[in-house]
Amino acid sequence: MKDPKLKPQLRFQINPGGWFEGGSSVEYTTNDWRLERPVINLDKCVGCLYCWIYCPEPAIIPLDREGRGPTKVEVDYDHCKGCGICAQVCPTKAIEMVREEVKV
Amino acid sequence: MMEEFKPVRSIFEIPRKERLAPGHRACAGCGPMIAIRQILLVSPEEPIVVNATGCVEVATSVYPQTAWIVPWAHVAFENSAAVASGVEAAMKSLKRRGGIDKERPVIVFAGDGGTFDIGLQALSGALERGHKMLYVCYDNEAYMNTGIQRSSATPYGAWTTTSPFGKVWPGKRERKKDIISIVASHGVPYTATASIYHWKDLMTKVRKALSYDGPTFLHVYAPCNRGWRFDPSLTVEVARRAVETRFFPLYEVEEGKYRITVPVPKPRPLEDFLSIQGRFRHLLRPEYREALETLKKMVDDRWTWLERMATATSKS
Ligand SMILES: Cc1ncc(C[n+]2csc(CCOP(=O)(O)OP(=O)(O)O)c2C)c(N)n1
Ligand code: SF4
Ligand SMILES: [Mg+2]
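Conventions adopted
- Residues numbered from 1 in each chain as written.
- Chains lettered and ligands numbered in written order.
- Predicted model: local features only at pLDDT ≥ 70, side-chain atom pairs only at ≥ 80, totals over all residues.
- Heavy atoms only, no water.
- Helix = DSSP H or I, 4+ residues; strand = E, 2+ residues; numbered from the N terminus.
- Buried < 20%, exposed > 50% of the residue type's maximum accessible area, 1.4 Å probe, protein only.
- Contact = heavy atoms within 4.5 Å.
- Areas by Shrake-Rupley, 256 points an atom, 1.4 Å probe, with all protein chains shown as cover.
- Buried area = accessible area lost by both parts, 1.4 Å probe.
- Salt bridge = Lys/Arg side-chain N within 4 Å of Asp/Glu carboxyl O.
- Polar contact = N/O pair within 3.5 Å; in protein donor to acceptor, adjacent residues only side chain to side chain.
- Nonpolar A, V, L, I, M, F, W, Y, C, P; charged D, E, K, R; others polar.
- Donors = N, O, S within 2.8 Å, 3.2 Å for Na, K, Ca; no water.
- Near = heavy atom within 4 Å.
- 1 Å grid on protein atoms, 1.4 Å probe; cavity = no way out; pocket = protein on both sides within 12 Å on 5 of 7 lines; lining within 4 Å.
- Points joined across faces, edges and corners; volume = space filled by probe spheres on them.
- Pairing = 2+ DSSP bridges.
- Axes fitted to C-alpha atoms, helices over the stretch in contact; angles between N-to-C directions.

**Observations regarding the overall build of chain A**
Moving on, step 1. The helix and strand tally for chain A stands at two helices and four strands.
Moving on, step 2. Taken from N to C terminus, the helices and strands of chain A fall in the order β-α-β-β-α-β.
Moving on, step 3. In chain A, buried positions account for 39% of the 104 residues.
Moving on, step 4. Nonlocal contacts in chain A, meaning residues at least 24 apart in sequence, comprise 62% of its contacts between residues at least 6 apart.
Moving on, step 5. Accessible surface, chain A: about 6,400 Å² in total, of which carbon and sulfur atoms supply 56%.

Spelled out as C-alpha cells, the structure:
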C-alpha cells in the first residue's frame, strides 16, 4: 500500500509473491544520516584502497584499473553515512571529514 | 581433504565484485558489516548465505528490499547451523540426481548471541554431522540488536545494560566463553579467530576454511560502536588495539594444530584498548583496580595457554 505521507523511498507496493530484487537496498538512500562528509584529496590519495576494504556500506567506489596496481576512489554520497572510518584509516590523510550544512 | 588455496597477499588481487549492497540500515561505522563485506568479497564463488537473527539480518533485510546480492536465508535465531546443514544436504542430493553440476559454498553469519548462546546446540549438531559449511560468528560481544544485553561472549568487566557496574559489580562478572575450544573439540578440520583490522589474515582464513571439505568455523572480532560506546570512526582502530594488546589473539586450529597467526611479541598496555571504549572506561577508575587486574590476568593467562598449545601441537 502506498502511503503519501511517507518519504518517497518508503512508499512501496508489495511484490507479488513477496519477491525482492537482490541488492535492492540501493534504492534507499542514507545520505541524510550523515553529519560529516568525507572529501577525498585525489592528489594525496595513493590508491592503497584501505578506505574501500574497511567501508561498512560499501560507499567507497574504486575507480577502474582493476588488477593493475594503484587506483583511486570516489565516494557514493547517496549511501555514505559519514562514519569517518575511511578518514581514520587513510595512511596519507587524504580524506577530510567536512561538516554537512544543516538543511532546514 | 583439502583443495589448493592461496593466501591473500595484496589488496589488488581481491575481486571488486560487491555481494552486499549499500542502503542497509546498520549504524554508521558498524563493525559486523565490515566483516560480512570482507568475507563475501573474498569468497571464490558466490555463496549461499544463511543468516541468524541479529543486527546484520535485521539491518540488511528491511522490507521490501534486501542488501544481499547472493542467495540468502533467514529462519530463526537459534537454528542457522541446522538450516545451513539442510541447504548443504539438499545441494548434495541435487548434484547426485543431476539437478546441478556443482555445489556452492554455504556460509552462515550469526552473532555472538546466536552462536555462543542460543545457536550452540544447532552448531554442535552440524559440526558433529560434518556438513561442509563455513560458520562465521561475528562477535560484537553482546546482544546488540535488542539493546546491548550481555551474552556469554561479553568479556569480564564490560558494561552492558544487563551487566551494569556499581558498588557490587565491576560490569560483567563472568569470563568470556572459549568458543574456539568448544568447536575444535568436535574434531573439525579448521577453526580460527580473525579481526576486521587484519583483513589479510581474515581473508586468508576464509579462503583456507572454504577449501576444506567439512565444517569450518571463524570467530571474527567485530566492534560495535553503539554498544561499546565509542566514536563510529574508531571501529577499525578498536579492532586493531584488541589484537595489539593481546586482548583478542588471532590464531587457528588446523587439523588439531594450534598456530598464532598474528604474533604480538610486544603487547601494548591493555589500557590502550579499554580507554577508548565507554563500556570499559570505569575499569580505569581506582575503585575498580581489582577488576582491572583480574581482566589483565585473564588476558595474560590466555596468551600463555595459547603459546603452550602452539608449542605442544607443533611437534608430531
Ligand atoms: C528465539 C528468539 N529469542 C529472542 C529473539 C530476539 N532477538 C532478536 S536479535 C537478538 C540479539 C542478537 O544478538 P547477537 O546474536 O549477538 O547479534 P547482534 O544483534 O549482536 O548482531 C535477540 C535476542 C529472537 N529473535 N528469537
Ligand atoms: S548496534 Fe552495533 S552491530 Fe548493530 S548495526 Fe549498530 S554498530 Fe552494527
Ligand atoms: Mg552480538
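**A closer look at the interface of chain A and chain B**
Moving on, step 1. Taken together, the contacts link 41 residues of chain A with 39 residues of chain B.
Moving on, step 2. Across the interface of chain A and chain B, roughly 3,400 Å² is buried in total on both sides, 62% from carbon and sulfur atoms.
Moving on, step 3. At the junction of chain A and chain B, the tally comes to zero salt bridges.
Moving on, step 4. On the surface where chain A and chain B come into contact, there are 17 residue pairs in polar contact (both at pLDDT 80 or more).
Moving on, step 5. A per-class count over the side of chain A that touches chain B returns 20 nonpolar, 14 polar and seven charged.

**Focus: the coordination of the magnesium ion (ligand 3)**
Moving on, step 1. Every protein donor of the magnesium ion (ligand 3) is accounted for by B:Asp112 (OD), B:Asn140 (OD1) and B:Ala142 (O), and the metal-donor separations fall at 2.0 to 2.1 Å.
Moving on, step 2. In the primary structure, the donors to the magnesium ion (ligand 3) are separated according to the pattern D-x27-N-x1-A.

**Side note on the site of ligand 1**
Residue and element names in this part refer to chain B.
Moving on, step 1. Lining the immediate surroundings of ligand 1 are 17 residues, of which Asp-112, Gly-113, Gly-114, Tyr-138 and Asn-145 lie closest.
Moving on, step 2. Contact between ligand 1 and Tyr-138: an oxygen atom at 2.8 Å from a side-chain N or O atom of the residue.
Moving on, step 3. Here ligand 1 loses 75% of its free accessible area of 590 Å² to cover by the protein chains.
Moving on, step 4. Broken down by element, the residue count for the shell around ligand 1 peaks at three residues, all from helix 4 (residues 112-117).

**Some words on empty space enclosed by the protein**
All names here are of chain A.
Moving on, step 1. For the coordinates displayed, the defined rule picks out two cavities of 30 Å³ or more.
Moving on, step 2. Estimated volume of the largest cavity: approximately 130 Å³.
Moving on, step 3. Residue lining of the largest cavity: 16 residues in total, with Cys-55, Cys-80, Cys-83, Gly-84 and Cys-86 positioned closest to the centre.
Moving on, step 4. Across the lining of the largest cavity, the residue classes tally to 12 nonpolar, two polar and two charged.
Moving on, step 5. Quantified by volume, the second largest cavity comes out at close to 110 Å³.
Moving on, step 6. Lining of the second largest cavity is provided by 15 residues; of these, Cys-45, Cys-48, Cys-51, Cys-90 and Ile-95 occupy positions nearest its centre.
Moving on, step 7. Broken down by class, the residue content of the lining of the second largest cavity amounts to 13 nonpolar, two polar and no charged.

**A word on the site of ligand 2**
Moving on, step 1. The immediate surroundings of ligand 2 are formed by B:Ala26, B:Cys27, B:Cys30, B:Pro32, B:Cys55, B:Asn140, B:Cys224 and B:Arg226.
Moving on, step 2. Residues that form the shell around ligand 2 fall into these classes: six nonpolar, one polar and one charged.

**A few points about the sheet that holds strand 3 (residues 106-111) of chain B**
Residue and element names in this part refer to chain B.
Moving on, step 1. Strand order in the open sheet made by the eight strands is 2-1-3-4-6-5-7-8, with mixed pairing throughout. The sheet terminates laterally at strand 2 (72-74) and strand 8 (257-260), the two strands that pair on one side only. With direction set aside, neighbouring strand axes in the sheet form an average angle of 20°.
Moving on, step 2. Where strand 5 (residues 190-195) and strand 7 (residues 251-254) come together, three bridges link them in antiparallel fashion. Within the sheet, the bridge partner assigned to Ala-192 lies in strand 7 and is Glu-252.

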